[in-house]
Amino acid sequence: HQNTVANSITVQFDGCIYIYSGGKANNTTVSYMGNMYVYNGGLANSTTVINDSAYMYIYSGGTANNNKVTYNGNIYISNGGIASNTTVTNYGEIFISSGGLANSTTVDSNGYMYIYSGGTATNIIWTPCVGEIIAEEGAYVTYANTYSGVYLGSNNQQLSHANSMSNKKTNGCSMYIMSDGLVNETTVNSSGYMYVYNGGTANNTTVDYSGKMYIYS
């Protein structure tokens, strides 16, 4: 129904909440095995998605504001869906599909954000090496802050930041080479990650033993 409001709902154990046009849900908790579906014209405010197998789906025309996803919870933004001011932390995950939009997302410790080709994430609030952001080629991503140089971190802590680094081994660490950053003779291994962004340079890099290297335009 139009202009229908539901407050302080808990959804869990295969329970589902469906928000249609004109419907609004405030302060909902989507917990273990719970599901929330936000459809065209629906609005979800201040939702917490928490625990394994807890899911929030935002479809075309659906909107979700001021949400938190944590402890293995998941938020999926489909084509035409919008999520604003989401906090992702403690192994929570947010996925932005082609045509989906996430505004002002905070990626905190052990939070994960995936932006697929055609997806948009603007004004991301993030500290390099604290939380993880993976954007496919063709995704549009902007950050609240400007980053430059090279960042090296481990266990969701930033260990060092410099204009350049040489002869480093990641050994399970994450390395971000941002604008004007330069790395030489780096070995990416033992589940380590290297991310090279626009304006960054990596020379003579070796990737082996489950290491991964991502190069963005």
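Small disclaimer: the values here were computed from a predicted structure and weren't measured. (Residues numbered from 1 in each chain as written. Predicted model: local features only at pLDDT ≥ 70, side-chain atom pairs only at ≥ 80, totals over all residues. Heavy atoms only, no water.)

Engineer: Provide a residue-level description of the overall build of the protein chain, including the pertinent values.
Structural biologist: Counting its regular elements, the protein chain contains zero helices and 31 strands. Taking 2.2 N^0.38 as the reference for a compact globule, 217 residues should give roughly 17 Å; the C-alpha atoms of the protein chain span a radius of gyration of 19 Å, in line with that estimate. With the C-alpha coordinates of the protein chain rotated into their principal frame, the extents come out at 60 × 30 × 25 Å. Burial status across the protein chain gives 43% buried among its 217 residues. Within the protein chain, counting contacts between residues at least 6 apart in sequence, those at least 24 apart form 12% of the total. Accessible surface, the protein chain as shown: approximately 9,800 Å² in total, 43% of it carbon and sulfur. Separation of charge centres in the protein chain, based on 5 positive and 10 negative side chains, amounts to 7 Å. (Helix = DSSP H or I, 4+ residues; strand = E, 2+ residues; numbered from the N terminus. Rg over C-alpha atoms; globule rule 2.2 N^0.38 Å. Buried < 20%, exposed > 50% of the residue type's maximum accessible area, 1.4 Å probe, protein only. Contact = heavy atoms within 4.5 Å. Areas by Shrake-Rupley, 256 points an atom, 1.4 Å probe, with all protein chains shown as cover. Lys, Arg positive; Asp, Glu negative; His and termini not counted. Charge placed at Lys NZ, Arg CZ, Asp CG, Glu CD.)

Engineer: Before we move on, could you go through the sheet that holds strand E6 (residues 35–38) and cite the residues and values that matter?
Structural biologist: Spatial strand order, E3-E6-E9-E12-E15-E18-E20: seven strands in an open sheet with parallel pairing. Bordering the open sheet on either side are strand E3 (16–19) and strand E20 (132–135), each of which pairs with just one other strand. Averaged over all pairs of adjacent strands, the angle between strand axes in this sheet comes to 10°, irrespective of strand direction. Across four bridges, the pairing between strand E9 (residues 55–58) and strand E12 (residues 74–77) is parallel. When the sheet's bridge partners are listed, methionine 56 is paired in E12 with isoleucine 75. (Pairing = 2+ DSSP bridges. Axes fitted to C-alpha atoms, helices over the stretch in contact; angles between N-to-C directions.)

Engineer: Tell me about the environment of aspartate 180, residues and numbers included.
Structural biologist: Relative to the elements of secondary structure, aspartate 180 occurs in the loop between strand E25 (174–177) and strand E26 (182–184). Separated by 17 residues in the primary sequence, aspartate 180 and asparagine 163 place their C-alpha atoms 7.2 Å from one another. Not counting chain neighbours up to four residues away, the residues in contact with aspartate 180 comprise Gly149, Asn163, Gly199 and Gly200.

Engineer: Describe the environment of tyrosine 55, and please don't skip the residues or the numbers.
Structural biologist: Within the element layout of this structure, tyrosine 55 appears in strand E9. Overall, tyrosine 55 belongs to the partly exposed group, its relative accessible area being 24%. With residues up to four places along the chain from it excluded, the contact list for tyrosine 55 reads Val30, Gly34, Asn35, Met36, Val49, Asn74 and Tyr76.

Engineer: How would you sum up the sheet that holds strand E31 (residues 212–215)? Please name residues and give values.
Structural biologist: Sheet architecture is open: five strands sit in the order E23-E22-E25-E28-E31, paired in mixed fashion. Every interior strand has two partners, whereas the edge strands, strand E23 (157–162) and E31, have only one. For this sheet, the mean angle separating the axes of adjacent strands, direction not counted, is 15°. In the sheet, strand E22 (residues 150–154) pairs with E25 via four bridges, with the strands oriented antiparallel. Its bridge partner being in E25, tyrosine 151 is matched across the sheet by tyrosine 176.

Engineer: How would you summarise the nonpolar core if you had to cite specific residues and measurements?
Structural biologist: Formed by 40 residues in total, the largest nonpolar core has its most connected members in Met36, Met56, Ile75, Ile77, Met113, Trp126 and Tyr176. Sorting the residues of this core by element identifies E3, E6, E9, E12, strand E15 (93–96), strand E18 (112–115), strand E19 (120–126) and E20 as the ones contributing at least two each. Non-local contacts of methionine 36, meaning those with residues more than four positions away in its chain, are made with Ile17, Ile19, Ala25, Thr28, Val30, Ala44, Thr47, Tyr55, Met56 and Tyr57. Listed in part, the 10 residues of the second largest apolar core include Met165, Met175, Ile177 and Val196. (Core = buried A, V, L, I, M, F, W, Y, C linked by side-chain atoms within 4.5 Å.)

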